[in-house]
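These are the residues of each chain, in order.
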Amino acid sequence: MIECRNLAKNYGTLTAVSDISLHLREQEFISILGPSGCGKSTLLRLIAGLEVPSAGQVFLQDKEISGKKISLPPERRKFGMIFQDFALFPHLSVEDNIAFGVNGSASAKQQRVKELLKLVSLPHLAKKMPHQISGGEQQRIAVARALAPRPRLILMDEPFSNLDYQLRQQLRRDIRDILKHEGVATILVTHDQVEAITFSDRVLLMHDGKMVQSGTPEEIYQHPQTLWASSFVGEANHLSVEWEATALNSPFGLLNVPADIGKETRILMVRPEDFVLESGTDGKSNGIVKTVDFSGSVQTLRVELKNGETIQVSGSPHLLWTPEDSVKITAERYLCFDSAGNRLNGCSSARISK
Ligand code: ADP
Ligand code: MG
């Protein structure tokens, strides 16, 4: 339903967003994820019509709504917007806040408000003023207000950032269910990888104004396009490797990798959960456990390899290692990256030869 083609936005000499293309399907949830200052809010504002693009176009159902000559005003795009700072009208009651954007007769309005208060599970707060309800409740009401005029798209900019951790998780699940129930497409802007991964069908990863990768949360986690992406989304170990005649020489021995890929590979990326640890007492040791952090469901170790590099390894808490344990460590799954930090296709989860 929404398409952005080669969108760019400059502020003077600063390029906030450059060459971004994306498609959003009906009822789809996507997250725009990236570090602070990477251009997420600017991109959202370009889609909302709150900013005019320096280049590129935005289409809504195949009709251009932003471009060189065209700029459909935000209110005519019929998108619902939810921001970090709740932004309810302070002088209106909860029900009047929700009714604000609804067209139609008084009874139709009343009906819609009732329905939405029920949907956000807050019918008892109808008569309250915004300052009389909690932050989490205000954000639920903001969602109800955004949904009231039956928008085709909801745009959310870091909507959960001002809430404490527990509440944030609960509210994220609830709001996701509410939006899915209403069948409205949603774009969520966030710098929080867990939030992006748990909330959306698809994640668009941004860095320095550019789109690094777009894919399902699993694709981004399991097949990051760049080394930067591998450590922005999840924990990643980056290990130097070298091609030697017929195999890739790694801290875990020689790896069988196709020659064309192996020759280009400079860095091996391994997730902490993709290592296998065995006791290294029989002389096959290639690492020493340095620290052990036990956090309930997982155990995280820092292991110093023979070459002096330190890696992070996570595993079952039932295997209890202690510092200075000598271990034999292998990588069950890994990805190969070239000297520019880009992933080389065709090399994943290859087996270790010895
Ligand atoms: P994010 O939401 O990812 O934190 P923003 O889109 O807000 O990033 O900002 C991207 C870059 O553009 C930042 O360097 C920011 O300072 C700059 N920027 C954003 N809005 C403006 C503006 N109105 N004028 C000048 N610079 C801006
Ligand atoms: Mg922002």
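Model, not experiment: these values are computed from the prediction.

With that settled, the discussion passes to the packing of helix α4 (residues 106-119) against helix α5 (residues 135-147). As a packed pair, α4 and α5 sit with axes 10 Å apart at the nearest point and diverge in direction by 140°. Taken together, the axes of α4 and α5 are oblique relative to one another. The crossing of α4 and α5 is right-handed. Packed against α4, whose contacting residues are Arg 112, Leu 116, Leu 117 and Leu 119, the element α5 presents Ile 141, Ala 144 and Leu 147 at the interface.

With 14 residues, α4 extends 20 Å from end C-alpha to end C-alpha; this agrees with the ideal 20 Å at 1.5 Å per step. Buried within α4 are the following residues: Arg 112, Val 113, Leu 116 and Leu 117. The buried residues of α4 occupy one face: seen down the axis, they fall within an arc of 130°. Turned more than 90 degrees off the buried face of α4, the exposed positions are Ser 107, Gln 110, Lys 114 and Lys 118. Next to the buried residues of α4 lie α3 (94-99), α5 and α6 (165-182). Ser 121 sits one or two positions beyond α4 and adopts a positive phi of about 60°.

Glancing now at the side chain of Asp 157. One can find Asp 157 in strand β7 (residues 153-157). Among buried charged residues, Asp 157 stands out as having no salt bridge; its nearest opposite-charge side chain is Arg 45, 6.9 Å away. For Asp 157, the side chain forms a polar contact with the side chain of Ser 41, separated by 2.7 Å. Setting aside its immediate chain neighbours within four residues, Asp 157 contacts Ser 41, Leu 44, Ile 82, Phe 83, Gln 84 and Val 189.

Parts of the model with low pLDDT should not have their predicted coordinates read in detail. Residue-level pLDDT values for the protein chain average 91, and 97% of them are 70 or greater. The model gives residues 350-354 a pLDDT under 50, and that stretch makes 18 contacts with residues more than four places away or in other chains.

Here the focus is the packing of aromatic side chains. Considering all chains together, one arrives at 5 aromatic pairs under this definition. Plain terms: the ring middles of Phe 160 and Phe 199 are 6.3 Å apart, the flat faces sit at 55° to each other, and that makes the pair tilted. Taken together, the positions of Phe 160 in the loop between β7 and α6 and Phe 199 in helix α7 (residues 193-199) put the pair 39 residues apart, joining distant regions of the chain. With a relative accessible area of 0%, Phe 199 lands in the buried category. Look at Trp 228 and Phe 232: their rings are 5.0 Å apart centre to centre, the planes differ by 10°, and that puts the pair in the stacked class. Here Trp 228 pairs with Phe 232, and both are found in helix α9 (residues 227-232), just 4 residues apart, close to one helical turn.

We now examine the sheet that holds strand β12 (residues 242-244). Read from one edge of the open sheet, 3 strands run β12-β13-β14, paired in antiparallel fashion. Looking at which strands have only one partner, the edges of the open sheet turn out to be β12 and β14 (253-255). Across the sheet, the mean angle separating the axes of adjacent strands is 40° when strand polarity is ignored.

Turning our eyes to something else, we now look at the pairing of strand β11 (residues 237-240). Along a regular strand, successive side chains alternate from one face of the sheet to the other. Residue alternation in β11 divides its side chains into a buried set, Asn 237 and Leu 239, and an unburied set, His 238 and Ser 240. Pairing geometry for β11 and strand β15 (residues 267-270), over 4 bridges, is antiparallel. Each residue of the ladder has a partner; that of His 238, found in β15, is Met 269.

Taken domain by domain, the protein chain holds domain 1 (2-231) and domain 2 (237-344). For domain 1 and domain 2, the distance between their C-alpha centroids amounts to 39 Å. In this assembly, 10 residues from domain 1 lie in contact with 10 residues from domain 2. Roughly 930 Å² is buried in total at the junction of domain 1 and domain 2, and carbon and sulfur atoms are behind 48% of that figure. A per-residue breakdown of the area domain 1 buries against domain 2 is headed by Tyr 221, Leu 227 and Ser 230, which together make up 56% of the total. Where domain 1 touches domain 2, the interface holds 0 salt bridges. Between the two partners, domain 1 and domain 2, sit 8 residue pairs in polar contact (both at pLDDT 80 or more). Going through the elements one at a time, α8 (217-222) and α9 are the ones with two or more residues in the side of domain 1 that touches domain 2. Tallied by class, the residues present in the side of domain 1 that touches domain 2 amount to 4 nonpolar, 6 polar and no charged.

Quick notes on the rules
Residues numbered from 1 in each chain as written. Chains lettered and ligands numbered in written order. Predicted model: local features only at pLDDT ≥ 70, side-chain atom pairs only at ≥ 80, totals over all residues. Heavy atoms only, no water. Axes fitted to C-alpha atoms, helices over the stretch in contact; angles between N-to-C directions. Helix = DSSP H or I, 4+ residues; strand = E, 2+ residues; numbered from the N terminus. Parallel < 35°, antiparallel > 145°, perpendicular 65-115°, else oblique. Left-handed = near helix turned anticlockwise from the far one by under 90°. Contact = heavy atoms within 4.5 Å. Expected span 1.5 Å × (residues − 1). Buried < 20%, exposed > 50% of the residue type's maximum accessible area, 1.4 Å probe, protein only. Arc of directions from axis to C-beta. Lys, Arg positive; Asp, Glu negative; His and termini not counted. Salt bridge = Lys/Arg side-chain N within 4 Å of Asp/Glu carboxyl O. Polar contact = N/O pair within 3.5 Å; in protein donor to acceptor, adjacent residues only side chain to side chain. pLDDT = per-residue confidence, 0-100. Phe/Tyr/Trp six-rings, centres within 6.5 Å; stacked < 30°, edge-to-face > 60°. Pairing = 2+ DSSP bridges. Domains from an automatic or database assignment. Buried area = accessible area lost by both parts, 1.4 Å probe. Nonpolar A, V, L, I, M, F, W, Y, C, P; charged D, E, K, R; others polar.

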